[in-house]
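# Summary of structural features
Each chain is listed here by its residues.
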Amino acid sequence: MRAHLPNEPDLDLSPSPGDEVKTTTCYMCACRCGIKVWLRDGGIRYIQGNPSHPVNQGVLCAKGASGIMQHHSPARLTRPLLRVGERGSGEFREIEWDEAMEIATSWLAPVRERNPDELAFFTGRDQSQALTGWWAQQFGTINYAAHGGFCSVNMAAGGLYTLGGSFWEFGEPDWEHTRYLMLWGVAEDHDSNPIKLGLGKLKARGAKVVAVNPVRTGYGAIADEWIGIRPGTDGLFAFALIHELLRMDRIDLDYLVRYADAHWLVVKDPGGAEDGLFVRDGEGRPQCWVADALHPADAPDVSPAVVGEYVLPDGRTAVPAFHLVAERYLDPQYAPDAVAERCGIPADTIRRIARELAEAAFESNLSLPIAWTDSWGREHAEMVGRPVALHAMRGISAHSNGFHTCRGLHLLQLLLGAVDAPGSFRYQPPYPKPIPPPNRPGRARREDGSLDAGPLGFVHGPEDLLVDADGQPRRIDHAYSWAYPLSAHGMMHTLLRNAHAGDPYRIDTLLMFMANMAWNSSMNTRETIAWLTDRDDDGEYRIPRIIYSDAYASEMVAYADLVLPDTTYLERFDAISMLDRPISDADGAADAIRQPLFDAATQPDKDGRARDVRGFQSVLLDLGARLGLPGMVHADGSPQYRDYADYIVRHERTPGVGLLAGWRGENGTQAGKGAPNPEQLQRYIDNGGFWREEVPEHARYFKMGNRGYLEWAQALGFIGSSAPITLHLYAEHLQKFRLAAQGHGEHQPPEEHRERVETYFDPLPMWYTPFEQAQVDEAEFPLHAITQRPMFMYHAWGSQNAWLRQIAARNWLYMHPDTGARHGVADEDWVVVASHLGEITVQAKFAGNVQPDTLWTWNAIGKRRGAWRLDADAPEGRKGFLLNHLISDITPRGDYANADPVTGQAAWFDLRVSLRRAPPDTTGGTGDAGDRTTDATTLTQPQFEPLALGDAPGGPLRYGARKR
């Protein structure tokens, strides 16, 4: 017993947080950390990190711990709702699930019979796209997209068409061996706990961390060097670094020949149908130049030419791909002195960073004593390192030049030999994939009405586009059209404008899940609301029916006709799947589940009533069965799957491959591929909610050309072949589009798109001024304006959380003090910020952590009053705001979406604005948008009529007082 002094209370210094603990996967951001949830008397008591989980190893952030308040949020929806008033009025009638499903079925059955493309199915912050995409395929609609189109598709496509992998959550720095890390446009919202763990290792080892970002927060705040770059110029900076590396001859040519296409010959035949394509033999093998003759470029142990011009047997000339790289980036236009002013980075700094990269890569003498065999059968006694790592995120991706910027960063990595070498960027299984991945988007319907492939995929050439005989878009969002050919995630940000306009046709029903398009998920928010509510001359809504599913009373709920209430993430099964966004790390393949810790019916709403909610995934399968969709019903018409949990276990995408890779086979003894195992979910639960398979030590690096890795990955079903994957300095697939624009081939763009396609489908990374900046008067709109997502919140649902709101319940417009002085603005003044689209009135705050030509704020904290069941006077609605009101969904010229011309990714960060101090009579008002009447309460502008989505509870929100 513990001895204690007289009168000292006998304290329990290690109290148990509860009487039961269960493991599951967090859903408070995209990190997908493992958590241990402590229960007491069947209710949630405490959330902690799971120390055995591969993602976070026990670390948990503020978001994850506050999942308690997400589960107890007063904004939780409780029953299906049918609209009875006008859209936006918040007038609904509660209905039972049978009626809700009958209504949804009655709306969708005629659509599928008539034309499945009249259903547009778009999902927002969804983590079950392996299901939702398959469901859309079985329904037969090509109009399916995920949130990546306005989030990260430049990152994904730029990487997958270059390296067969990408930044984001699909690759990581070699935290154990990196000596020089550059973070490009990285905020704290994605993959945050693994990055924090990794940065801790780097700082402890003395590795250098450089943050390239217009704003210095989070990771940048602990970086050894912050480079406050001007938004949209990251590509120029990367090209200047490449220029210096080439000029100094500090590149890894052996690596480029061994693993990349540096020596592949490119045809030089201006005006010819094969100009810019690789030289191939009769079997399609790429060719290189060896000892005065053509030679297969994929043969081992050759010493090919990497520069020079060579005459082919047919009289045409050709040059190696590396020759084109050197020719372009050694051009004086990319010299540090030429780009310094545009980037806002001193030329001497650029030259120094290039030297530091080269020194870290080539003078570190890093080598791991691990024997391995490459794809050509050559045995190696060691793995030679290049300890320079790059990591990038939305800051470089969300620009209209973001695709080529992403490619430019990958080119920089390749020249240093710093892709999957020890110390560099590393692939996470199931990557790398063939370049591009083999799955093309579905284009035709089978006899049973389903699409011939999933609605999202990767085009390999103009023949894969979804266009009609006249070259016009077939999809409602115009994805995979000549305007945005490589839009691998779809284009949710163009959906509502096009659906309202009937371009290229009218849709009947919009089905959306977790996509807050009536507020923070839309560009041009005011007009988006108008499209949702506009009517035809006959009085019918131009978008006839909207079915929406969410767990919370977001702004979008008010604009739905039928609301299907989702569960919280602690009340359902989920699969974090290898077919979607797994939780792998570079040393192991991993996936995970969520399990229901509670029956939602036992978790009352804010008024103490039982909730009648269902997981959207199970609802979707029920709806598919009611519609008789192929793969969802037996021959007698009965449902194929009981619910989503049953689907997770029994569904096979191809024989032996399902949503989860662990414990497959009838006895649960197989991994990756195997028959369904009825006990699979229980095995995951018993293992803490996850499965992980170690990559063999000899297979952990050089995965694109490592025989051991490729055979291991093929055996697990990650890739179809163990053939080596060649990395691409030169993107021949882009050149195919350029040739089409020049008049070659069977599939050519309409005249109005030819110049655009020829310009931006450059097979080498290029840079151009972002479209908005190029199309507005820079004297009128001299400043950049961007958002970042805070480490302590994630999207809109985090900023309705009672605990997280105590960290920040409103946002400010942050600016450098010098910027304020230039524009006559003092700290905490109210200011008017204007773009070519409109203006907002908000409160300024001085901060030295921002590039002086850039304004910034936190994203998604501002709320529309009445939404999320916050108090009517909540700061989020009074002083919080969105930059979205200033961001147009189309370019200033009005000819295309405000998006990247290659992938269609939304160019959120291209925003250009003016700044002025607000007159004292413009910061009040409580009425409609545009109302500027003075009031004792200061409000941001614009303000909209409060939504009627339920009242906030009185008093503080408590979850555990009764358990004390």
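Please refer to the structure higher up on the page.
Computed from a prediction, not measured in an experiment: that's the story for all the values here. (Residues numbered from 1 in each chain as written. Predicted model: local features only at pLDDT ≥ 70, side-chain atom pairs only at ≥ 80, totals over all residues. Heavy atoms only, no water.)

## A look at the sheet that holds strand β23 (residues 509–513)
- Read across the sheet, seven strands follow the order β5-β4-β25-β24-β23-β6-β7 without closing on themselves; strand pairing throughout is mixed. The sheet is open, and its two borders are formed by β5 (92–94) and β7 (144–145), each paired with just one other strand.
- Of the strand pairs in this sheet, strand β24 (residues 545–550) and strand β25 (residues 562–565) are connected by four bridges, and their pairing is parallel. If you follow Ile 547 over to β25, its bridge partner there is Leu 562. (Pairing = 2+ DSSP bridges. Helix = DSSP H or I, 4+ residues; strand = E, 2+ residues; numbered from the N terminus.)

## Observations concerning the side chain of Arg 572
- Structurally, Arg 572 is set in the loop between β25 and β26 (574–576).
- A polar contact is formed between the side chain of Arg 572 and the backbone oxygen of Thr 567, at a distance of 3.1 Å.
- Engagement of the side chain of Arg 572 in a polar contact is seen with the side chain of Asp 574, the distance being 3.0 Å.
- Residues in contact with Arg 572, not counting those within four places in the same chain, are Tyr 27, Asp 566, Thr 567, Arg 594, Gln 595, Pro 596 and Gln 617. (Polar contact = N/O pair within 3.5 Å; in protein donor to acceptor, adjacent residues only side chain to side chain. Contact = heavy atoms within 4.5 Å.)

## Brief notes about the nonpolar core
- Grouped together as the largest cluster of nonpolar side chains are 301 residues, with contacts concentrated most on Trp 135, Trp 184 and Phe 237.
- The biggest single contributor to this core is helix α8 (residues 234–247), with nine residues.
- With residues near it in sequence (within four places) discarded, Trp 184 still touches Val 212, Asp 234, Phe 237, Ala 238, Leu 241, Leu 390, His 391, Ala 392, Met 393, Ile 396, Leu 409 and Leu 412. (Core = buried A, V, L, I, M, F, W, Y, C linked by side-chain atoms within 4.5 Å. Buried < 20%, exposed > 50% of the residue type's maximum accessible area, 1.4 Å probe, protein only.)

## Considerations on unusual backbone geometry
- That bond from Asp 503 to Pro 504 is cis: its omega, 10°, falls within 30 degrees of zero.
- With respect to the helices and strands, Pro 504 occurs in the loop between α15 (492–501) and β23.
- Gln 941 connects to Pro 942 through a cis peptide bond whose omega is 5°.
- As for its position among the elements, Pro 942 is in the segment after β34 (912–917).
- Notably, His 478 is not glycine yet its phi reads approximately 70°, a positive angle.
- Here His 478 is to be found in the loop between β22 (425–427) and α15.

## As for helix α10 (residues 321–329)
- Burial analysis of α10 places seven of its nine residues in the buried class, the great majority of the element.
- Every buried residue of α10 is listed here: Ala 321, Phe 322, His 323, Leu 324, Val 325, Ala 326 and Tyr 329.
- For α10, the elements touching its buried residues are α8, α9 (253–259), β12 (265–268), β16 (317–320) and α14 (402–415).

## A word on the packing of aromatic side chains
- In the structure shown here, the tally under the stated rule is 38 aromatic pairs.
- Put simply, the rings of Phe 121, Trp 135, Phe 139, Tyr 144, Phe 513 and Phe 616 touch in pairs and so form one group of aromatic residues.
- If you follow Arg 756 out to its NZ or CZ, it ends over the ring of Tyr 896, 3.6 Å from the centre.
- Stacked on the ring of Trp 812, the Lys or Arg Arg 810 has its end atom at 3.8 Å from the ring centre. (Phe/Tyr/Trp six-rings, centres within 6.5 Å; stacked < 30°, edge-to-face > 60°. Lys NZ or Arg CZ within 6 Å of the ring centre and 35° of its normal.)

## With respect to empty space enclosed by the protein
- Applying the stated rule across the entire model yields eight cavities of 30 Å³ or more.
- In this structure, the largest cavity encloses a volume near 400 Å³.
- Surrounding the largest cavity, 28 residues form its lining, Arg 394, Thr 787, Arg 789, Trp 908 and Phe 909 being those nearest its centre.
- Elements supplying a minimum of two residues to the lining of the largest cavity: α13 (394–397) and β29 (783–788).
- Looking at the lining of the largest cavity, the element that brings in the most residues is β29, giving four residues.
- Among the residues forming the lining of the largest cavity, the class breakdown is 13 nonpolar, 12 polar and three charged.
- Within this model, the second largest cavity holds a volume of roughly 290 Å³.
- Together, 26 residues line the second largest cavity, and Arg 125, Met 514, Asp 550, Trp 797 and Trp 868 are the ones closest to its centre. (1 Å grid on protein atoms, 1.4 Å probe; cavity = no way out; pocket = protein on both sides within 12 Å on 5 of 7 lines; lining within 4 Å. Points joined across faces, edges and corners; volume = space filled by probe spheres on them. Nonpolar A, V, L, I, M, F, W, Y, C, P; charged D, E, K, R; others polar.)

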